[in-house]
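An overview of the molecular structure
Single-letter residue listing:
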Amino acid sequence: RGSPLGVPCKTPAPPLPLEIAPPPPARHQTLHPHSRAGAGMDEIVSQIHALSAQGPLGLGSLHKALNEKAEQLRQIGKTQSLLGVITAALDQKAHTIGALHLLAAQADVLPQDGHQPFFSQARIFLAACDPEQVQLALKLYIDVVHKFTQVASQIGASKQGIGALQQAIKKMSTRQSMTPLHADLLQLCLLSGCYHVGMQVLDELPILQIHVKDHRLQPVDFLRFFYYAGMICTGMKLFSRAIEYFRVAISMPADAVSSVAVASYKKLMLVSLISTGKGPTLPSYTPGLVSRAVKSRSEPYVAIQAKFLEGDFAGLASTVEEHAAALEADKNLGLAKQALDALKRDKLRKLTTCYVTLSLSSIADQIGTSSPAEAESLLLAMIEADAIDATIDQESGMVRFLDGVTDFGSIDMTRRLESEMRAITSLAQRVEQLDVELSTHPDFVSKMKSSARLGGAELATDFPEGIDPEILSDPMMG
């Protein structure tokens, strides 16, 4: 069976027991107390115990000292298992900084047979670690979680890693804001087929605030997040949301073209055809370099779009077959086949604007189905989905297209309006909050005073760091 994205599903690994067992030992030699490495490790463990007991100042000194010994730890990790040291000598909550440094060092020199032990040990660590100590070594923490995600993907334990990443995100930040770990979580949701968990993440994380410096966010973190978010929404058939996520991934400011932007554009083209029957449009602020490059690197998709917009079903089927290898390599063959079905629906939808009644055989000929029975099946599916309003006379084989009228007094419409009003109210409150933050920003106040003295000549050319001048010129802001 294939996934909703057309990617073959792998048989998931059996779930781990509820109680996390200690990691199996990696095939490393044990530390001998009289060896040079063993003596060095004993000294490091003693330092971890001593400084961890001295409170915040001691933890800061410990983090600095272990940073200086990072290469020594990596050298030890090449021949000795640092994971065993964590299990045997450290309390992973009280000694979070120490355990984190040992995990990071082992991750840098992880042997092939050490993937499962590392996954198990990192999973225990993420459940037990102290959030306050994590803040002192945030970059190292992020690196370890990235390695955990990579290992989970490689050993087929994506599903088991989801819970650990959810805990890792909570311990990294209590704010409702994006972190570098959110993309990792969405990646594991995709690999494990747990699209519903990914949707929960997206629903619970409206991107209203981004703390780049506090959360150590990098451009690749944004690209991965919005690309994976688009894929999850595509898998859940939420095409409108998928289109928006892909558009954000493509339109991010850039001096070079990212492979993620190219992959997003390929999926955006197919999803747009499936959802709207039209080709995609990119935001006006998309970097020109990116806009040109993504199109030039998506030639098979441009050909598919051209045949779709022509309404040439036979030509579209032939084009998909011609480029099947490239589509399969991009993991987009399933979406391309969905575009074939979408063309039939699009052509059927257009018939409702041209005809009042039409026979099933005529419909089959015009939309490209193999038989009137297939046309009837498609028609029934669209009626059930409220895509069209029609009735079928089974005796005569005639279809009557009706003018659908939306019942604005229905319970479903009332619920929808209430939901939309709540979203608008929430957005209005956020805009008001931003207005207060802007008007009280020290740099902005200084500029306002300076502008008043200079007659407003300076305000339009220079803005405080982090404030987008487009916000001030947007007519929708009042």
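Read on for a plain summary of the structure. (Residues numbered from 1 in each chain as written. Predicted model: local features only at pLDDT ≥ 70, side-chain atom pairs only at ≥ 80, totals over all residues. Heavy atoms only, no water.)

With respect to helix α9 (residues 158–172)
In plain terms, the rule: What counts as a helix is a DSSP run of H or I of at least four residues, what counts as a strand is a run of E of at least two, and both are numbered from the N terminus. Between the first and last residue of a helix there are one fewer steps than residues, each counted as 1.5 Å, and that sum is the expected span. Working definition: with a 1.4 Å probe on protein chains only, accessible area under 20% of the residue-type maximum means buried, over 50% means exposed, and in between means partly exposed. Contacts were defined at the residue level, with two residues in contact if any of their heavy atoms lie within 4.5 Å.
An ideal rise of 1.5 Å per residue puts 21 Å on 15 residues; α9 measures up with 20 Å between its terminal C-alpha atoms. Buried residues of α9: Ser 158, Gln 160, Gly 161, Ile 162, Ala 164, Leu 165, Ala 168, Ile 169, Lys 171 and Met 172, and no others. Packing partners of the buried residues in α9 comprise α6 (115–128), α7 (131–136), α8 (138–154), α10 (180–192) and α11 (195–204).

Things to note about the pairing of strand β2 (residues 390–393)
Heads up, the rule is: Pairing between strands requires that DSSP locate at least two bridges from one strand to the other.
Across the two faces of β2 the burial differs, with Ala 390 and Ile 392 buried and Thr 391 and Asp 393 not buried at all. Taking the residues that link successive antiparallel strands as the turn, the β2-strand β3 (residues 398–401) hairpin has four residues, and the phi of Gly 397 there is positive, at about 70 degrees.

Observations concerning the packing of helix α13 (residues 239–251) against helix α14 (residues 259–276)
Quick reminder of the rule: Whenever a helix is involved, its axis is fitted only over the stretch in contact; in every case the axis is a line through C-alpha atoms, and angles between N-to-C directions fall within 0 to 180 degrees. Orientation labels follow simple angle bins: below 35 degrees gives roughly parallel, above 145 gives roughly antiparallel, 65 to 115 gives roughly perpendicular, and whatever is left gives oblique. Handedness of a crossing is defined here by the sense of rotation of the near helix relative to the far one, left-handed for an anticlockwise turn of less than a right angle and right-handed for a clockwise turn. Classification used: nonpolar for Ala, Val, Leu, Ile, Met, Phe, Trp, Tyr, Cys and Pro, charged for Asp, Glu, Lys and Arg, polar for all others including Gly.
Orientation of α13 relative to α14, taken along the N-to-C sense of each, is 150 degrees, at an axis distance of 9 Å. It follows that α13 is roughly antiparallel to α14 by the angle criterion. Considering how the two elements wind past one another, α13 and α14 form a crossing that is left-handed. Touching Phe 239, Ser 240, Ala 242, Ile 243, Phe 246, Arg 247, Ala 249 and Ile 250 of α13 are Ala 261, Ser 264, Tyr 265, Lys 267, Leu 268, Val 271, Ser 272, Ile 274, Ser 275 and Thr 276, all from α14. Looking at the contact of α13 with α14, its residues break down into 11 nonpolar, five polar and two charged.

As for the sheet that holds strand β1 (residues 357–359)
Taken in spatial order, the three strands line up as β1-β3-β2 in an open sheet, and their pairing is antiparallel. For this open sheet the edge positions go to β1 and β2, each flanked by a neighbour on one side alone. Each adjacent strand pair in this sheet contributes to an overall mean axis angle of 25 degrees, direction not counted. Sheet analysis places β1 next to β3, joined by three bridges and oriented antiparallel. Pairing of Ser 359 across the sheet is with Met 398, part of β3. Contacts from helix α20 (residues 360–367) reach β1, β2 and β3, with the element oriented near 80 degrees to β1. Sheet contacts for helix α21 (residues 372–384): β2 and β3; angle to β2, the most-contacted strand, approximately 145 degrees.

Some thoughts on the pattern of salt bridges
Applied cut-off: Salt bridges are counted wherever a side-chain nitrogen of Lys or Arg sits within 4 Å of a carboxyl oxygen of Asp or Glu.
Enumeration over the complete set of coordinates arrives at 11 salt bridges. Here Arg 74 and Glu 71 are joined by a salt bridge, their closest N and O atoms 3.1 Å apart. Taken as a pair, Arg 74 and Glu 71 lie in helix α3 (residues 70–79) at a separation of three residues, close to a single helical turn. For Arg 74, a relative accessible area of 24% corresponds to the partly exposed category. Close ionic contact of Arg 349 with Asp 346 constitutes a salt bridge, the shortest N to O distance being 3.5 Å.

Digging into the nonpolar core
This is how the line gets drawn: By nonpolar core is meant a set of buried Ala, Val, Leu, Ile, Met, Phe, Trp, Tyr and Cys residues that side-chain atoms within 4.5 Å join together.
Formed by 108 residues in total, the largest nonpolar core has its most connected members in Met 41, Leu 102, Tyr 141 and Leu 202. Those residues in contact with Leu 102, other than ones at most four positions away along the chain, are Met 41, Ile 48, Leu 73, Leu 82, Val 85, Ile 86 and Leu 90. Grouped together as the second largest cluster of nonpolar side chains are 16 residues, Leu 351, Ala 364, Ala 375 and Ala 390 included.

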